[in-house]
Amino acid sequence: MTAPASTDDKADDLPPGTTPYYARMHTWIKRAVLVCLVALVLEGAFTLPFMAIYYGYPTLSLTQICSELLKVRYSDDTLECKVPYPAFGPPEGAEGKDTAQDQWGIQPVPKYHRIGFRELVRIHDQRVAREQGH
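Basis of the calculations
Residues numbered from 1 in each chain as written. Predicted model: local features only at pLDDT ≥ 70, side-chain atom pairs only at ≥ 80, totals over all residues. Heavy atoms only, no water. Salt bridge = Lys/Arg side-chain N within 4 Å of Asp/Glu carboxyl O. Helix = DSSP H or I, 4+ residues; strand = E, 2+ residues; numbered from the N terminus. Buried < 20%, exposed > 50% of the residue type's maximum accessible area, 1.4 Å probe, protein only. UniProt positions renumbered as here; feature names shortened; annotations may be inferred. Core = buried A, V, L, I, M, F, W, Y, C linked by side-chain atoms within 4.5 Å. Disulfide = S-S within 2.5 Å.

Structural notes on the pattern of salt bridges
Here comes step 1: Taken as a whole, this structure holds five salt bridges when the rule is applied.
Here comes step 2: Across the salt bridge formed by Glu-68 and Arg-127, the nearest N and O atoms sit 2.3 Å from each other. With Glu-68 in helix α3 (residues 62-74) and Arg-127 in helix α4 (residues 119-133), this residue pair connects regions lying 59 residues apart in the sequence. Arg-127 carries the same exposure label as Glu-68, and that label is buried.
Here comes step 3: Across the salt bridge formed by Arg-127 and Asp-77, the nearest N and O atoms sit 3.1 Å from each other.

Points about the UniProt feature "transmembrane region" (unreviewed entry) in the protein chain
Here comes step 1: In this structure's numbering, the residues bearing the UniProt feature "transmembrane region" (unreviewed entry) are residues 32-57.
Here comes step 2: The annotated region residues 32-57 carries 92% helix and 0% strand content, and the separation between its end C-alpha atoms amounts to 35 Å.

A look at the nonpolar core
Here comes step 1: One finds Tyr-55, Leu-60, Ile-65, Val-72, Ile-115, Leu-120, Val-121 and Ile-123 forming the largest nonpolar core, which totals eight residues.
Here comes step 2: Broken down by secondary-structure element, the contributors of at least two residues to this core are α3 and α4.
Here comes step 3: Per element, the largest residue contribution to this core is three residues, and it comes from α4.
Here comes step 4: The next biggest cluster of nonpolar side chains, apart from the first, holds five residues, and it includes Leu-70, Tyr-74, Leu-79 and Ala-100.

Let's talk about unusual backbone geometry
Across the chain, the bulk of peptide bonds are trans and the bulk of non-glycine residues have phi less than zero.
Here comes step 1: Here the residue pair Val-83 and Pro-84 is connected by a cis peptide bond, since its omega of -10° sits within 30 degrees of zero.
Here comes step 2: Relative to the assigned elements, Pro-84 resides in the loop between α3 and α4.
Here comes step 3: A positive phi is found at Ser-75, a non-glycine position, where the angle reads about 55°.
Here comes step 4: Here Ser-75 is to be found in the loop between α3 and α4.
Here comes step 5: Judged by relative accessible area, Ser-75 falls into the partly exposed class, the value being 37%.
Here comes step 6: Located in the positive-phi region is Arg-118, a residue other than glycine, with phi close to 55°.

So, the state of the cysteines
Here comes step 1: Tallied over the entire structure, the rule returns one disulfide.
Here comes step 2: There is a disulfide in this structure between Cys-66 and Cys-81, and the S-S distance comes to 1.7 Å. Here the S-S torsion is close to -75°, and the disulfide linking Cys-66 with Cys-81 is therefore left-handed. Here Cys-81 lies in the loop between α3 and α4 and Cys-66 lies in helix α3, a separation of 15 residues in the sequence.
Here comes step 3: Residue Cys-81 is classed as buried on the basis of its relative accessible area, which comes to 15%.

Written as structure tokens, this is what we have:
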């Protein structure tokens, strides 16, 4: 005959730091965290392709889109995205921060206009035409 399992035996089966009283709650927290992590990975996986198409991906490369966004954000036509980025380079955006026309404060207000669907293609084409005209 075997004796019924005591509470000490149940505590031995639990992960370190979990008491029998909270074991069920910890299981549900683990499940919720796993669901959230999977949702974040899926969101990240689908966000970049849709944003790239929105900004003009088939016409512009990802590097050109990055460069155009920097130029619009910092109001500086000389900024370019560096690929590959230097390992010990300045933080992203540190070079153009002094040319930004934003209103800085507790809640910064950007002074650049909102980019519309595939508008970066038009902005890029206008910039190339200006450079060729000079």
